[in-house]
There are 2 protein chains.
Amino acid sequence: DNETLKRALVGCMWAVTAGVVLKLCKFVKKAWELGVNDPRKFIHCLKVGVALSSVSLFYYLKPLYDGVGGNAMWAIMTVVVVFEYTAGATICKTVNRICGTSLAGFLAIGVHWVASRAGDQLEPVIVGVSLFLLASAATFSRFIPTIKARFDYGALIFILTFSLVSVSGYRVDELLVMAQYRMSTILIGSSLCIIVSMILCPVWAGQELYVLVTGNLDKLANSLQGCVTQYFDCTEAPEAENEEETRKQLLGYKCVLSSKATEESMANLARWEPAHGRFNFRHPWSQYVKIGASMRSCASCIDALIGCINSDNETSDDMKRNMSSISMKVGTNSARVIRELATTIRNMKKSSKVDILVTEMNSAAQELRNFLNSYPNMLSPSSQNNAKDTQTEAASSSDDDDDVAAKREIPLIEIIQVVTVASLLIETVTRVEGIVEA
Amino acid sequence: DNETLKRALVGCMWAVTAGVVLKLCKFVKKAWELGVNDPRKFIHCLKVGVALSSVSLFYYLKPLYDGVGGNAMWAIMTVVVVFEYTAGATICKTVNRICGTSLAGFLAIGVHWVASRAGDQLEPVIVGVSLFLLASAATFSRFIPTIKARFDYGALIFILTFSLVSVSGYRVDELLVMAQYRMSTILIGSSLCIIVSMILCPVWAGQELYVLVTGNLDKLANSLQGCVTQYFDCTEAPEAENEEETRKQLLGYKCVLSSKATEESMANLARWEPAHGRFNFRHPWSQYVKIGASMRSCASCIDALIGCINSDNETSDDMKRNMSSISMKVGTNSARVIRELATTIRNMKKSSKVDILVTEMNSAAQELRNFLNSYPNMLSPSSQNNAKDTQTEAASSSDDDDDVAAKREIPLIEIIQVVTVASLLIETVTRVEGIVEA
């Protein structure tokens with residue numbers, strides 16, 4: 001009995017170990033896939049390794065160690081804390097760190113000088129009170145949105161340095177020498193970080209933002225076209241192989257909806273980057289954020305549209321067939337406009353094609369409106385066809401006409417709404433083009 | 001001439017100074033308002049001051065300083081870096097810091113022991129290679145989403161400690177003693193942070209999340225009701241005084257749309273918090289994120305609806321009047337349901353009122369559908385009134401009926417869609433209730 005118990009126990013332990021190993025394997029496999037999908041992540045890891053190893057030479061090489069001594073620690077710390085994935089983030093943190101450190105260092109030395117004149121009794125009081133006040137003020141400044149966006153890290157470093165310097169000034173004698181060593185090691189660490197992150201396969205926040213925005217435009221176009229096609233094109237049964245892909249395309253607009261935070265932080269970081277590739281120093285990054293906002297409003301329209309389509313509606317097939325070609329045309333045309341916009345941003349020059357496509361899209365929408373206006377005429381005499389010719393008016397008037405005209409087909413109304421938003425989007429973006437060019 | 005030039009220069013300088021001072025004043029005023037609106041921010045700043053001042057006692061009091069010496073620096077550093085606005089974030093960072101430090105410390109000492117056996121020539125090579133490998137691996141782990149959400153800071157600290165300990169082990173002799181001191185000072189700093197952040201007016205991430213979600217539900221209800229009222233209730237001209245407020249209410253749904261990132265991070269932090277107030281230790285925080293997602297889909301519907309209303313549509317006033325009472329009812333009822341849900345979550349117990357209100361809302365929606373079904377009958381004979389009685393079916397079928405029935409009125413169609421989403425929301429939330437109760 002004891003023997004069987006033992007065996008059972010051993011078996012149990014083996015099972016648990018195997019389970020853990022299996023889970024670990026799965027985890028590692030998943031992580032590996034993450035890296036394979038984006039090899040730059042691997043490269044980033046190697047870059048961190050390179051930066052750290054080279055900064056640790058300060059400990060290994062005798063002449064270097066004699067130069068800075070134990071303060072080499074600060075260089076290592078700087079590298080670890082400051083090194084970020086994108087070059088923009090690294091530069092931002094470096095600038096923040098250097099500014100915060102030097103400002104706090106000067107202030108702390110000033111306070112220390114004042115305090116040391118005030119006598120032994122008062123010294124800790126003065127230092128303590130100033131520490132309390134400045135730390136509170138700096139903490140508060142981190143709540144202010146404009147500072148939070150750009151100098152959050154700098155404020156943190158300010159508090160850190162000020163408290164370290166002012167407090168240790170009470171015990172350490174050669175404060176100035178220490179501050180000088182620390183400052184120089186931090187500078188060494190920072191410059192190393194900037195060099196490594198900008199020279200070895202740099203990842204630019206601006207480039208990332210640009211890829212994200214153009215990719216999102218494409219996704220939006222695919223979603224729009226996909227859902228219109230899916231709804232009206234019921235004749236061909238989608239093949240099982242394609243189905244997964246189509247479903248993915250359809251859900252592309254969700255990425256657009258959820259990419260707000262990423263876009264904003266990227267645009268913030270991109271501002272710190274020097275000119276690189278095809279981007280100038282004063283590239284209008286904030287325009288990307290605006291395009292993103294327009295895209296999101298467009299995506300929320302598509303969301304509503306897809307919600308409508310997915311509810312099992314019982315429209316007559318007859319009606320559907322009547323509408324199908326014309327509304328497919330609207331869908332395709334607006335998708336084409338969005339795609340062309342993506343290309344325009346990609347090439348960063350105004351293409352004349354956009355205008356042509358916009359006109360085409362608007363005429364398609366107008367056709368749909370006319371169709372809808374004529375259709376109910378068979379049923380009711382109320383048709384207020386006030387066709388307008390200017391582009392924006394045509395877009396914004398699409399709703400008016402349809403208020404009267406749209407009967408029978410919710411999805412169509414939604415499509416036209418999407419067209420409206422798309423036109424607004426186009427307006428924004430054509431305005432952007434001029435700036436991107438400049 | 002020289003005199004006038006001088007005067008002009010002085011005047012110019014005064015003007016510039018005055019401008020800067022004015023700007024600074026404005027900035028300070030804005031910041032002050034930020035604090036007055038949420039006094040807890042002031043309190044947080046004072047808390048940081050208190051924590052820093054008390055940890056700096058290690059320098060001022062001779063017996064304490066003799067105990068830890070220059071390592072007191074690490075206690076200060078811990079306080080500055082770890083102290084966050086919410087208690088959850090502080091605890092999360094503390095745990096991360098302690099785990100990361102101890103794990104890295106043990107590993108580094110192990111590597112150092114191995115390297116020191118290997119001889120003087122090999123020692124830096126072994127340390128360097130292990131540093132390179134571990135730093136790369138830890139950096140890579142920060143890309144993995146599950147680790148990023150919870151242990152991002154821990155991984156950073158792991159790299160920092162490992163590199164500091166393993167590298168300085170090459171120069172410092174009494175590595176173990178140093179590690180012990182540092183560990184103890186970090187522990188002191190951490191516990192001080194936790195105590196201060198949890199005892200002095202704590203700000204709980206869970207509480208914040210809870211207030212945010214219930215507030216957002218209210219905003220959603222206000223937006224929904226506001227836009228329906230604005231559209232149909234054209235008789236009274238809104239007073240100038242109220243207008244600003246109404247507009248604010250209308251835009252409330254935008255907050256809902258953009259609060260995704262906040263909600264997720266809050267839910268993540270809330271998990272670290274101990275039981276407090278009315279929240280148990282295993283409070284289902286992830287449910288709040290789900291409610292947030294439902295709210296967002298609801299808000300994007302309202303967005304589409306408002307977009308429809310704002311386009312200057314030319315519906316006949318006659319029609320509008322016919323619809324107004326019934327659609328106001330739908331709007332009011334759904335707003336009431338959302339508000340009741342907010343109350344339910346606020347009280348954290350299932351209220352029977354929700355069910356009643358849901359039934360009311362559904363019957364109102366049904367009424368609207370019936371109206372729409374009957375209305376076009378005056379124009380066309382195609383009415384497929386397949387009224388369903390079960391609650392969810394009624395909700396999901398609203399679109400079907402309207403595909404056929406909805407004529408003349410885009411906004412109404414949208415309203416019904418909102419109702420659909422609202423019902424879905426209700427479904428989610430009623431499911432949640434059971435868990436919140438438990």
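Residues numbered from 1 in each chain as written. Chains lettered and ligands numbered in written order. Predicted model: local features only at pLDDT ≥ 70, side-chain atom pairs only at ≥ 80, totals over all residues. Heavy atoms only, no water.

**Q** I'm lost on the packing of aromatic side chains in this one. Help?
**A** The relative placement of two aromatic rings is captured by the distance of their centres and the angle of their planes. Applying the stated criterion across every chain, the model contains 10 aromatic pairs over all chains. Note on Trp32 of chain A and Phe42 of chain A: the rings are 5.1 Å apart at their centroids and 50° apart in plane angle, and the pair reads as tilted. With Trp32 of chain A in helix α1 (residues 2–37) and Phe42 of chain A in helix α2 (residues 39–55), the pair connects residues that are 10 residues apart, well separated along the chain. Look at Trp32 of chain A and you get exposed, because its relative accessible area is 54%. For the ring pair Tyr85 of chain A and Phe143 of chain B, a centre distance of 5.2 Å and an interplane angle of 75° mean the geometry is edge-to-face. Of this pair, Tyr85 of chain A sits in the loop between α5 (72–82) and α6 (87–117) while Phe143 of chain B sits in the loop between α7 (123–141) and α8 (145–168), which puts the two residues in different chains. (Phe/Tyr/Trp six-rings, centres within 6.5 Å; stacked < 30°, edge-to-face > 60°. Helix = DSSP H or I, 4+ residues; strand = E, 2+ residues; numbered from the N terminus. Buried < 20%, exposed > 50% of the residue type's maximum accessible area, 1.4 Å probe, protein only.)

**Q** Could you clarify how one ought to interpret the nonpolar core in this entry?
**A** The nonpolar side chains of a soluble globular protein tend to be buried with one another. Counting residues in each nonpolar core, the largest one holds 84 residues, and the members touching the most others are Leu52 of chain A together with Leu52 of chain B. Not counting the four nearest positions on each side in its chain, Leu52 of chain B is found in contact with Leu131, Ala135, Ile159 and Ser163 of chain A together with Ile76, Val79 and Val80 of chain B. Of all hydrophobic cores here, the second largest spans 30 residues; its members include Tyr210, Val213, Leu217 and Val256 of chain A. (Core = buried A, V, L, I, M, F, W, Y, C linked by side-chain atoms within 4.5 Å. Contact = heavy atoms within 4.5 Å.)

**Q** Teacher, can you tell me more about a nonpolar patch on the surface here?
**A** Residue and element names in this part refer to chain A. A grouping of Val50, Ile195, Ile199 and Leu200 is seen on the molecular surface, where their side chains present a nonpolar patch of about 350 Å² in accessible area. Its place among the elements puts Ile195 in helix α9 (residues 175–199). Overall, Ile195 belongs to the partly exposed group, its relative accessible area being 47%. (Patch = residues over 30% accessible without salt bridge, like charges linked within 9 Å, V, L, I, M, F, W, Y side chains within 5 Å. Areas by Shrake-Rupley, 256 points an atom, 1.4 Å probe, with all protein chains shown as cover. Salt bridge = Lys/Arg side-chain N within 4 Å of Asp/Glu carboxyl O.)

**Q** Whenever I open this one, the side chain of Ser190 of chain A confuses me. Can you help?
**A** All names here are of chain A. Examined against the element boundaries, Ser190 turns out to sit in helix α9. Given the relative accessible area of 1%, Ser190 is considered buried. With residues up to four places along the chain from it excluded, the contact list for Ser190 reads Thr78, Thr94 and Ile98.

**Q** Quick question: what am I supposed to make of the pattern of salt bridges here?
**A** Any two side chains of opposite charge can pair if their charged atoms end up close together. All names here are of chain B. One pass over the structure, following the stated rule, counts six salt bridges over all chains. Arg40 is paired through a salt bridge with Glu208; the nearest N and O atoms lie 2.6 Å apart. With Arg40 in helix α2 (residues 39–55) and Glu208 in helix α10 (residues 205–232), the pair connects residues that are 168 residues apart, well separated along the chain. The class for Arg40 is partly exposed, based on a relative accessible area of 32%.

**Q** Explanation requested: α7 of chain B in the structure shown.
**A** Along an α-helix, a turn takes 3.6 residues, which lines up residues three or four apart on a common side. Taking 1.5 Å of rise per residue, 19 residues should cover 27 Å, and α7 of chain B covers 27 Å from first to last C-alpha, within 8% of that figure. Along α7 of chain B, the positions that sit buried rather than exposed are Glu123, Pro124, Val127, Gly128, Ser130, Leu131, Ala135, Ser136, Ala138, Thr139, Phe140 and Ser141 of chain B. Buried residues along α7 of chain B sit against α1, α2 and α3 (57–60) of chain A together with α6 (87–117) and α8 of chain B. (Expected span 1.5 Å × (residues − 1).)

**Q** How should helix α7 (residues 122–141) of chain A be read in this particular structure?
**A** Between its first and last C-alpha atoms α7 of chain A spans 28 Å; for 20 residues at 1.5 Å apiece the expected length is 28 Å, and the two agree. Those residues of α7 of chain A not exposed but buried are Glu123, Val127, Gly128, Ser130, Leu131, Ala135, Ser136, Ala138, Thr139, Phe140 and Ser141 of chain A.

**Q** Where do I start with the environment of Gly100 of chain B in this structure?
**A** All names here are of chain B. Note on placement: Gly100 falls in helix α6. Taking the C-alpha atoms as reference points, Gly100 and Phe151, 51 residues apart in sequence, are found 9.0 Å from one another. Contacts of Gly100, omitting those with residues within four sequence positions, involve Gly154, Ile157 and Phe158.

**Q** What exactly am I supposed to notice about the side chain of Thr86 of chain A here?
**A** Residue and element names in this part refer to chain A. Within the element layout of this structure, Thr86 appears in the loop between α5 and α6. Judged by its relative accessible area of 7%, Thr86 falls in the buried class. If sequence neighbours within four positions are ignored, Thr86 has contacts with Val203, Ala205 and Leu269.

**Q** Explanation requested: the packing of helix α5 (residues 72–82) of chain B against α6 of chain B in the structure shown.
**A** If you want to describe how two helices pack, look at the angle between their axes and the distance between the axes. All names here are of chain B. Their axes nearest at 10 Å, the elements α5 and α6 cross at an angle of 140°. Here α5 is positioned oblique relative to α6, judged by the angle of their axes. α6 is crossed by α5, and the crossing has right-handed handedness. For the pair α5 and α6, the contacting residues are Trp74, Thr78, Val81 and Val82 in the first and Thr90, Lys93, Thr94 and Arg97 in the second. (Axes fitted to C-alpha atoms, helices over the stretch in contact; angles between N-to-C directions. Parallel < 35°, antiparallel > 145°, perpendicular 65-115°, else oblique. Left-handed = near helix turned anticlockwise from the far one by under 90°.)

**Q** Whenever I open this one, the environment of Thr332 of chain A confuses me. Can you help?
**A** Residues and elements named next belong to chain A. Relative to the helices and strands, Thr332 is located in helix α15 (residues 317–347). Classification of Thr332 by relative accessible area gives partly exposed; the value is 25%. With 175 residues separating them along the chain, Thr332 and Ile157 place their C-alpha atoms 53 Å apart.

**Q** Got a minute to help me understand the confidence of the model for chain A in this structure?
**A** For residues with low pLDDT, the predicted coordinates do not support detailed interpretation. Residue and element names in this part refer to chain A. When pLDDT is averaged across chain A, the result is 71; 64% of the residues are at 70 or more. Per-element confidence in chain A is highest for α6, whose mean pLDDT is 86, and lowest for helix α17 (residues 391–405), whose mean pLDDT is 33. Two numbers describe this predicted complex: its pTM, 0.73, and its ipTM, 0.72. (pLDDT = per-residue confidence, 0-100.)

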